[in-house]
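Inside the fold
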Amino acid sequence: MTYLLEARALRKQYADKLALRGLNLQIAPGEIFCLLGQNGAGKSTTINLFLGFIQPTAGAAFVNGLEVAAHPLEIKRHLAYIPENVMLYPHLTGLENLALFSSLAGFKYSESELLAYLTDAGLPAEAVRRRVGAYSKGMRQKVGIAIAVAKHAKMLLLDEPTSGLDPKASNEFSELLRRLSGEGTAVLMATHDIFRAKEVGTRVGIMREGELVDVRPTAALNAQELEQLYLTYMH
Ligand SMILES: Nc1ncnc2c1ncn2[C@@H]1O[C@H](COP(=O)(O)OP(=O)(O)OP(=O)(O)O)[C@@H](O)[C@H]1O
């Protein structure tokens, strides 16, 4: 089987810090893999290697079977990235941002199609023609999701996507992720939020000092057990 996201013995040495110590990870279509770990565990480094933002010191990251370092542009067509703060053009409206980003990805949509992507992602209809500079963080996340869906991304890379969102916005975000995973999208999400990981993830991996020290299907644990497990590794 071709995994949508795969890390093989992935290693990253920064000048004076070994941030990733030979990570092996496979994520299949429809999986939502949540990476948990303290600050500095290596979560963002993992995501940045899949995005090709940084180069591995050894090992390789694969996206849809393609090695990221060898196919930096091609892999971007399959991926959508949603960081904690989704970067959009603040002077353009939600609609204009979506039109711009989808055309950069090679898709041209009518206004009614663009509207449908935005409202499907949960953006209120009255907001779509307002400038993004006035949007809340949760609204920008929704535009980020709409962009991911409109470019038919097969994989989503999420770095702390719900940090700072209120519970309602976080819940809506989880629902969107579940819907996308139901359609076969593979999701890799770095998070500090154990409960959200349990709620939305299909598997959780606990990272510590650049290593994946435990991986579990979330169905096998309740939220308290997951918290207990996490704390065990943090000592
Ligand atoms: N560009 C860099 N240069 C040097 N060291 C770095 C660089 N980026 C990250 N590091 C170090 O690598 C380690 C892993 O960082 P990383 O950002 O991947 O962790 P993280 O698990 O995402 O943490 P957080 O939860 O704080 O985002 C940390 O010790 C960090 O200080």
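Basis of the calculations
- All residue numbers refer to position in the chain's written sequence, counted from 1.
- Reporting in this predicted model follows two pLDDT cut-offs: at least 70 for local features of residues, and 80 or more for side-chain atom pairs to be given and counted; totals over whole chains, interfaces and linings ignore these cut-offs and use all residues.
- The side-chain numbers reported here are obtained from all heavy atoms of the structure, hydrogens and water having been left aside.
- Summary of the burial criterion: residues with accessible area below 20% of their type's maximum are buried, those above 50% are exposed, and those between are partly exposed, where the area comes from a 1.4 Å probe applied to protein chains only.
- Each helix is a run of DSSP H or I of at least 4 residues and each strand a run of E of at least 2, with the numbering of both proceeding from the N terminus.
- Paired strands, in this sense, are two strands between which DSSP finds at least two bridges.
- Two residues qualify as a contact provided that any one of their heavy atoms is within 4.5 Å of a heavy atom in the partner residue.
- Fitting a line to C-alpha atoms yields each axis, with helices limited to the stretch in contact; the angle taken between N-to-C directions then spans 0 to 180 degrees.
- Being near a molecule or strand, for a residue, comes down to having at least one heavy atom within 4 Å of it.
- Any N or O atom pair separated by 3.5 Å or less is treated as a polar contact, with the protein-specific requirement of one donor-capable and one acceptor-capable atom, and with residues adjacent in sequence counted only for side-chain atom pairs.
- Under the convention adopted here, Pro, Cys and the residues Ala, Val, Leu, Ile, Met, Phe, Trp and Tyr are nonpolar, Asp, Glu, Lys and Arg are charged, and Gly plus all remaining residues are polar.
- For our purposes a nonpolar core is just a set of buried Ala, Val, Leu, Ile, Met, Phe, Trp, Tyr and Cys residues, chained together by side-chain atoms within 4.5 Å.

**Some points on the pairing of strand β7 (residues 155-159)**
- Burial within β7 is extensive, with 5 of its 5 residues counted as buried.
- With 4 bridges joining them, strand β6 (residues 79-82) and β7 adopt parallel strand pairing. Bridging across to β7, Y81 finds its partner in L157.
- With 5 bridges connecting them, β7 and strand β8 (residues 186-191) associate as parallel partners. Residue M155 lies in a different strand from β8, and its bridge partner there is A186.

**Thoughts on unusual backbone geometry**
- At A9, a position not held by glycine, the phi torsion is positive, near 45 degrees.
- As for its placement among the helices and strands, A9 is situated in strand β1 (residues 5-14).
- Residue H152 is not a glycine yet carries a positive backbone phi of 55 degrees.
- Position of H152 relative to the elements: it lies in the loop between α5 (137-150) and β7.
- Given the relative accessible area of 46%, H152 is considered partly exposed.

**Here's the deal with the sheet that holds β1**
- Judged by pairing direction, the sheet is antiparallel, and its 4 strands sit side by side in the order β2-β1-β4-β5 without closing on themselves. The open sheet has two free edges, formed respectively by β2 (17-27) and β5 (66-67), since each of these has just one partner strand.
- As defined by bridge partners, strand β4 (residues 58-63) adjoins β5 across 2 bridges and the pair is classed as antiparallel. Of the residues in β5, the one forming a bridge with V63 is L66.
- Along the sheet, helix α1 (residues 43-51) makes contact with β1, β2 and β4, crossing β1 at roughly 115 degrees.

**Focus on the site of the ligand**
- The environment of the ligand is made up of 13 residues, and the closest members are N39, G40, K43, S44 and T45.
- Within the side chain of N39, one N or O atom sits 2.9 Å away from an oxygen atom of the ligand.
- A distance of 2.9 Å separates an oxygen atom of the ligand from a polar backbone atom of G42.
- Of all the secondary-structure elements, those providing two or more residues to the shell around the ligand are β2 and α1.
- Of the residues forming the shell around the ligand, the biggest block, 3 residues, is contributed by α1.
- Here the residues of the shell around the ligand sort into 3 nonpolar, 7 polar and 3 charged.

**A short note on the nonpolar core**
- Among the nonpolar cores identified, the biggest contains 45 residues, and L98, L118, L123, I145, L156, L158 and L177 are the most heavily contacted of them.
- Considering each element in turn, this core owes the most residues, 7 residues, to α5.
- Residues contacting I145, with those up to four places away along its chain left out, are I82, A121, F173, L176, L177 and L180.
- Listed in part, the 27 residues of the second largest apolar core include L4, L20, L35 and L157.

**Considering the side chain of S102**
- For S102, the position within the fold is in helix α3 (residues 94-104).
- Its relative accessible area of 1% is what places S102 among the buried residues.
- Of the polar contacts made by the side chain of S102, one reaches the backbone oxygen of L98; its length is 2.4 Å.

**A look at the pairing of β4**
- Bridge analysis of β1 against β4 gives 5 bridges, and the strand direction is antiparallel. Looking at β4, one finds that E6 is bridged to F62.
- Connecting β4 to the antiparallel partner β5 that follows it, the hairpin turn spans 2 residues, and N64 within it adopts a positive phi of roughly 55 degrees.

**So, the sheet that holds β7**
- Ordered by their spatial adjacency, 6 strands build an open sheet running β6-β7-β8-β3-β9-β10, and the pairing between neighbours is mixed. Each edge of the open sheet is held by one strand with a lone partner, namely β6 and β10 (211-217). Recorded for the sheet is a direction-independent mean angle of 15 degrees between the axes of neighbouring strands.
- By the bridge criterion, 4 bridges tie strand β3 (residues 32-36) to strand β9 (residues 203-208) in an arrangement that is parallel. Note on β9: the bridge partner recorded for F33 is R203.

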